[in-house]
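So the chains spell out like this:
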Amino acid sequence: MKKNLACALVATLLGTLSAVPALAQEAQGNWLVRARAVRLDPANKSDAIGALAVPEDAITINKKTIPEFDITYFFTPNIAAELVLTVPQKQRVTIEQSALGGPVDIGTFKHLPPTLTLQYHFLPEGTFRPYVGAGFNYTRISSTNLNVPTVGRLDLDHNSFGLAVGAGFDIKIAKNVFLNFDVKKVQIRTDVSLNGTKLSTVKVDPLLVGVGIGYRF
């Protein structure tokens, strides 16, 4: 009888101890939301346009700092999915060298680039929590207003699909509150056309470096 009672107590104790990590993870919550300031640094690669005497990599967009909001859901303590969102961003387009003399400011466009990645978090219970991730980007291009003097209006493809890779870390600074640093490389590409004829392909492919604050619940 005593032996059976002792076994029952040991089994109960072991079950309680094994549940502690799961309870700790549940207490942290599966959702993490962040707000970041992100520096967008485009690669600015483009094909040459012989008819306009525009060399390779002469079509550029400006660097800028943009606001970003992201939502992360943890499927397990280590594995999570992150959705990165922002508002449509206005960019200026410049031709650095051409028969027009360059640099020539030819106008603006807007882009909305939501990105979804699958992440692996190495130290999900630590104060310092590094992670890596990979996934996909979709960019919607709109409000194109590009005009080359003496040539005419240029058009851009409205949709871009590409890969995204990144890494970063969260630092716990208070209960449920984290400081975040994040770096991503994203493929964003579009064709430039004049009167329906393709002139060049522009690879924006920005490097995105962000810092922000997060809350887990």
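Up top you'll find the structure we're talking about.
Residues numbered from 1 in each chain as written. Predicted model: local features only at pLDDT ≥ 70, side-chain atom pairs only at ≥ 80, totals over all residues. Heavy atoms only, no water.

Description of the side chain of aspartate 205
Here is step 1 of the chain: Topologically, aspartate 205 is positioned in the loop between strand S14 (197-203) and strand S15 (207-216).
Here is step 2 of the chain: Residue classification places aspartate 205 among the buried residues on the basis of a relative accessible area of 10%.
Here is step 3 of the chain: Side chain to side chain, aspartate 205 and arginine 189 meet in a polar contact 3.0 Å long.
Here is step 4 of the chain: With near-sequence residues (within four places) excluded, aspartate 205 lies in contact with Ala43, Lys185, Val186, Gln187, Ile188 and Arg189. (Helix = DSSP H or I, 4+ residues; strand = E, 2+ residues; numbered from the N terminus. Buried < 20%, exposed > 50% of the residue type's maximum accessible area, 1.4 Å probe, protein only. Polar contact = N/O pair within 3.5 Å; in protein donor to acceptor, adjacent residues only side chain to side chain. Contact = heavy atoms within 4.5 Å.)

Some remarks on the nonpolar core
If you look at soluble globular proteins, the nonpolar side chains tend to sit buried side by side.
Here is step 1 of the chain: Counting 27 residues, the largest nonpolar core has Val54, Val93, Ile106 and Leu154 as the members making the most contacts within it.
Here is step 2 of the chain: When contributions to this core are tallied by element, the ones reaching two or more residues are strand S1 (31-41), strand S3 (59-61), strand S6 (89-95), strand S7 (104-112), strand S9 (128-148), strand S10 (152-156) and strand S13 (189-194).
Here is step 3 of the chain: Non-local contacts of leucine 154, meaning those with residues more than four positions away in its chain, are made with Ile106, Thr144, Leu146, Val148, Val192, Ser193, Leu194 and Leu199. (Core = buried A, V, L, I, M, F, W, Y, C linked by side-chain atoms within 4.5 Å.)

Quick look at the pattern of salt bridges
Here is step 1 of the chain: This structure, assessed with the given rule, holds 14 salt bridges.
Here is step 2 of the chain: Two residues, arginine 36 and aspartate 182, come together in a salt bridge whose shortest N-O distance is 3.6 Å. Placement of arginine 36 in strand S1 and of aspartate 182 in strand S12 (residues 177-186) is noted, with a sequence separation of 146 residues between them.
Here is step 3 of the chain: For arginine 36, a relative accessible area of 5% puts it in the buried group.
Here is step 4 of the chain: Note that aspartate 41 is salt-bridged to lysine 63, the shortest N-O span being 3.8 Å. Of this pair, aspartate 41 sits in strand S1 while lysine 63 sits in the loop between S3 and strand S4 (64-74); the two residues are 22 residues apart in sequence, bridging distant segments of the chain.
Here is step 5 of the chain: Shared partners join several salt bridges into a network, and the residues in it are Arg34, Arg36, Glu68, Asp70, Glu82, Asp170, Asp182 and Lys184. (Salt bridge = Lys/Arg side-chain N within 4 Å of Asp/Glu carboxyl O.)

Quick word on the pairing of S6
Here is step 1 of the chain: Within S6, five of the seven residues are buried, which leaves the element mostly enclosed by the surrounding structure.
Here is step 2 of the chain: Where S3 meets S6, three bridges bridge the pair, whose relative direction is antiparallel. Opposite threonine 60, over in S6, you have threonine 94 as the bridge partner.
Here is step 3 of the chain: Bridge count for S6 against S7 is seven bridges, and the pairing is antiparallel. For isoleucine 95, the partnering residue across the bridge sits in S7 and is valine 104. (Pairing = 2+ DSSP bridges.)

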